[in-house]
Each structure stands twice: as C-alpha cells, then as structure tokens.
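Geometric and topological summary
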Amino acid sequence: KKRIFSGVQPSGNLTIGNYLGAIKNWIPMQDEFECLYCVVDLHTLTVRQKPAELRQRSLNLLALYMACGLDPKKSTLFIQSHVSAHAELAWILNCYTYIGELNRMTQFKDKSQKHSDNINAGLYTYPVLMAADILLYQTDLVPIGQDQKQHLEITRDIAERFNGIYGDTFVVPEAYIPKIGAKIMSLQEPEKKMSKSDENENAYVFLLDSEDAIMRKFKRAVTDSEREIRYDVEKKPGISNLISIYSATTNKSISEIEKEFEGKSYGDLKEVVGQSVVETLKPVQQKYNEYSANKDYLNAILKENADKAAYIARKTLSKVYRKVGLVPRG
Ligand code: TYM
C-alpha cells in the first residue's frame, strides 16, 4: 500500500482554503492507502504563540480532523511533537540542506517580511522540518495545496541528495495537488491567497463560522464591473474564485457551473456559493462540537496513534543514524 502523509499547523482557525485545498482530499485516501495525518505543532513555534492557546488549538485541530471525516481507526492521527524523531531527523537533514536552497523559499521571504521583528532560525529551516515529517514515514504521496509545492520540491531534493550519498534511504515523495481548490483566494483581494492570518476578516471563511457570517462574507465578496459569470482567473479573479469554491464543494465542473449561471447575476452566484459552503460545513460543525467536548477520548487517540507513528519513524531514524556514522546505543 502506498503511504500518505500530510499536516496542518495549529496556528489559528482553519479556513475553507485549508479544507478544500487539503483535508477534503485526505478523506477518500483513507480507504485506499496507509495514511498519517499530523497536527504540526512544532512548525507553529516559528512565530510567537500563546502557550495555553497553542495547547488548546492543537487538541481542537484533532477534533476538527475527525469532524471532517478522518477516522483514527483507519488513519494515524497524531501530534508532531509527540514523536521526537521529527526534530531528530530535522537536525540531520539540516546538514544536507544548502542555505542557498532555503534562501529561495517564497514562504520564508513572505513570512520574514510579515514578522520582521522575529526572523528566527526556525523560520528559515522550516522546510527542513517539513522534509523530516515526510521522509520519516517513507511517504509516497503528500496531499497539499498549491502554496506548499515549493516545500515538497525541496523535500525531494534533500531526499535525492541523501540517497545519492548513502544509497537508497528515503522514498522520494510526490505532491498531490487537486485540480480544483488548490488555491482558494481571498474574498476581498482575489489576487491573494485566502489566509487565516489576514487582517480583514471578510477575506476568509473559517470552517467554524456561523451561517450568518458565511453568507455575509460571500455577499461582500469582491468581484468585477462586468456582469458575465465566466471562469477566467486573469481577468475575473473574484468570480473565478467563487466558481472554484462552488466546484470544490459540489463536485460540479466549471463548464456545468457556467451553464447553470447563464443570464444570472453576481448576487445569485454569491448566494448559491454561500449556501453550498454552509451545507458543506454544517455536518463538520456538528461533529466538531461533539468531538471537541470529549478531551479524554481525544487524548486516548493521541497516545495510541503517537505510538504507531513513532514505531515507523524510529525505523527510518535508526537507518539514517547508521548511514551517517553515529554509534548505535548498545
Ligand atoms: P498550513 O497549515 O498553512 O496549511 C494546511 C494545508 O492547507 C493548504 N492551504 C490552502 N489550500 C488551498 N487554498 C488556500 N488558500 C490554502 N491555504 C492553505 C496548504 O497548502 C496545506 O496543504 N507547511 C505546512 C504544514 C506541514 C506539512 C508537513 C504539510 C508541515 N509539515 C508535511 C504536508 C506535509 C503548512 O504550513 O500548511
């Protein structure tokens, strides 16, 4: 069976971008592949976090994973910091990653502009920890949104470099990026990616937003001065984004949607897309409320799943330690 690994940072509330670009695609993979889905808490430390909030958000993210349809009986759902091999492999891989490669990472450039008062070494080596996450499990396929593509490429480069020096050690993973939904744009500035940390709260829709908030945000979505409902990312980024969201939530094709809205107004489109998002999120929100209330259950899952993940991770780490010349502990 092919192995799948992916993760989300517990750095804030999740948006429909995280859902449509990533988590939604993780669900069907559970029946076909061996899947590990991680709450990547170590990555969030690259930006200052409030400790009590981070702790809460990590547990809540597990509840949300399950509410979205991830099943701890089918998949390994765990928290990154519970498996120490992530940090240990990251150190080794740091020594096989060139600073020239890290200098080219666009997410580092963006984040260091945004957090210019705290450009720490962790922010810089963030992609190496991500490579460790993936390579530890001999992952074949990594389902992610468009913005993580560059990080997957550097992961492949690191794996190939290491394999080139020491012989086959890591599976070289491939990205799985969905055709629709891989880049959900801001509802306010549709040339920009939808992000949970946008200052304008009308720019994003959270998975846990109320029906009223969702409808209001779609009604206020920025479009253009024409009237025609047509998919054209260059000329009509706002309308194209709404069409993408509708397509990703209903599985209707772009051309079906264009036909459905022939002669209709932008207002009609916003209403229908808003409703479709509300309907998609309703069951997720209901289940989330059940799961997040049951902390003992969540903690039990985390313990069992961390043990499973650690077992696989340890095998890879031992192999790597041996190959680079570290003395095994007797
Ligand atoms: P993060 O937490 O920023 O986002 C989680 C996932 O959501 C996708 N995504 C989007 N997809 C479509 N449209 C958007 N507007 C949008 N915004 C976010 C992201 O592409 C991602 O798939 N570095 C990663 C977390 C990570 C990871 C890993 C992922 C750490 N280790 C190993 C895969 C494998 C991140 O910050 O994702």
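Computed from a predicted structure; not experimentally measured.

Concerning the site of the ligand
Lining the immediate surroundings of the ligand are 27 residues, of which Gln 9, Tyr 126, Asp 133, Asp 147 and Ile 184 lie closest. One of the side-chain nitrogen or oxygen atoms of Asn 18 is found 3.1 Å away from an oxygen atom of the ligand. Of all the secondary-structure elements, those providing two or more residues to the shell around the ligand are strand S1 (3–8), helix H1 (16–29) and helix H7 (121–136).

Here's the deal with the domain arrangement of the protein chain
When cut into domains, the protein chain gives domain 1 (3–177 + 295–324) and domain 2 (211–289). On a C-alpha basis, the centres of domain 1 and domain 2 stand 31 Å from each other. Taken together, the contact between domain 1 and domain 2 spans nine residues of the former and eleven residues of the latter. In total, about 810 Å² of surface goes out of reach between domain 1 and domain 2, with carbon and sulfur atoms giving 76% of it. The largest share of the area that domain 1 buries against domain 2 comes from Ile 16, Leu 20 and Ala 67, three residues that together contribute 54% of it. Across the contact surface, domain 1 and domain 2 share zero salt bridges. Taken together, domain 1 and domain 2 are joined by one residue pair in polar contact (both at pLDDT 80 or more). Looking at the side of domain 1 that touches domain 2, the elements that each hand over two or more residues are H1 and helix H3 (51–68). Top element by residues in the side of domain 1 that touches domain 2 is H3. It accounts for five residues.

What about the nonpolar core?
Core analysis: the largest hydrophobic core is formed by 60 residues, its most contacted members being Ile 16, Ile 23, Tyr 37, Tyr 65, Phe 218 and Ile 245. Counting residues per element, this core draws most heavily on H3, at nine residues. Two domains share this core, each providing at least three of its residues, namely domain 1 (3–177 + 295–324) and domain 2 (211–289). Formed by 41 residues, the second largest nonpolar core is a distinct cluster that contains Val 83, Tyr 126, Phe 162 and Ala 306.

Observations concerning the environment of Pro 178
Looking at the element boundaries, Pro 178 is found in the loop between strand S5 (174–176) and helix H9 (211–219). The contacts of Pro 178, once residues within four sequence positions are left out, are Leu 20, Gly 21, Asn 25 and Ile 144.

Focus on helix H8 (residues 149–166)
Its 18 residues give H8 an end-to-end C-alpha distance of 26 Å, which sits within 8% of 26 Å, the value for a rise of 1.5 Å per residue. Those residues of H8 that sit buried are His 151, Leu 152, Ile 154, Thr 155, Ile 158, Ala 159, Phe 162 and Asn 163. Positive backbone phi, approximately 85°, marks Gly 167, located one or two places after H8.

Considering unusual backbone geometry
With the exception of glycine, most residues fall at negative phi, and the peptide bonds are largely trans. The residue Gln 138 is not glycine, and still its phi comes out positive at about 50°. For Gln 138, the position within the fold is in the loop between H7 and strand S4 (141–143). With a relative accessible area of 18%, Gln 138 lands in the buried category. At Asn 251, a position not held by glycine, the phi torsion is positive, near 65°. Looking at the secondary structure, you find Asn 251 in the loop between helix H10 (237–250) and helix H11 (254–260).

Here's the deal with the pattern of salt bridges
For the structure on display, the rule yields 19 salt bridges. Between Lys 217 and Asp 209 there is a salt bridge whose closest N-O contact spans 2.7 Å. For Lys 217, a relative accessible area of 4% gives the class buried. By relative accessible area, which is 10% here, Asp 209 ends up buried. Among the salt bridges present, the one from Asp 224 reaches Lys 236, with a minimum N-O distance of 3.3 Å.

Describing the packing of aromatic side chains
Enumeration over the complete set of coordinates arrives at twelve aromatic pairs. Judged by centre distance (5.0 Å) and plane angle (65°), the ring pair of Phe 108 and Tyr 124 falls under edge-to-face. On the criterion of sequence distance, the pair formed by Phe 108 in helix H6 (residues 106–114) and Tyr 124 in helix H7 is long-range, its members being 16 residues apart. Considered together, Phe 108 and Tyr 124 belong to a single accessibility category, that of buried residues. In this structure, Lys 217 is placed above the aromatic ring of Phe 206, and the distance from its NZ or CZ to the ring centre is 5.5 Å. Just above the ring of Phe 261 sits the side chain of Lys 264; from NZ or CZ to the centre is 5.8 Å.

A few points about the side chain of His 86
You can see His 86 is positioned in helix H4 (residues 85–94). Given a relative accessible area of 0%, His 86 falls into the buried group.

About the cut-offs
Per chain, residue numbering runs from 1 following the sequence as it is written. Owing to the predicted nature of the model, reporting of local features is limited to residues with pLDDT of at least 70; listing and counting of side-chain atom pairs is limited to 80 or more, with chain, interface and lining totals taken over all residues. Side-chain numbers here rest on the full set of heavy atoms in the structure, without hydrogens or water. Here, proximity means that at least one heavy atom of the residue falls within 4 Å of the molecule or strand. Each polar contact in these results corresponds to two N or O atoms within 3.5 Å; when the atoms are within protein, one needs to be able to donate a hydrogen and the other to accept it, and residues that are neighboring in sequence are counted only if both atoms are side-chain atoms. Only DSSP runs of H or I reaching four residues or more are called helices, and only runs of E reaching two or more are called strands; each is numbered from the N terminus. Residue ranges assigned to each domain were obtained from an automatic or database domain assignment. It only takes one pair of heavy atoms within 4.5 Å for two residues to be counted as in contact. Buried area is calculated as the accessible area (1.4 Å probe) missing from two parts once they are joined, with the contributions of both summed. Every case where a carboxyl oxygen of Asp or Glu lies within 4 Å of a side-chain nitrogen of Lys or Arg is listed as a salt bridge. Note on terminology: a nonpolar core comprises buried Ala, Val, Leu, Ile, Met, Phe, Trp, Tyr and Cys residues joined through side-chain atoms within 4.5 Å. Think of it in three bands: residues with accessible area under 20% of the maximum for their type are buried, residues over 50% are exposed, and the middle band is partly exposed, with areas taken using a 1.4 Å probe on protein chains only. The length a helix should cover is 1.5 Å for every residue beyond the first. In this analysis, rings of Phe, Tyr and Trp, with Trp reduced to its six-membered ring, are considered paired at centre separations within 6.5 Å, and the interplanar angle assigns stacked below 30 degrees, edge-to-face beyond 60, and tilted for intermediate values. Geometrically, a lysine NZ or arginine CZ counts as sitting over a ring once it is within 6 Å of the ring centre and also within 35 degrees of the ring normal.

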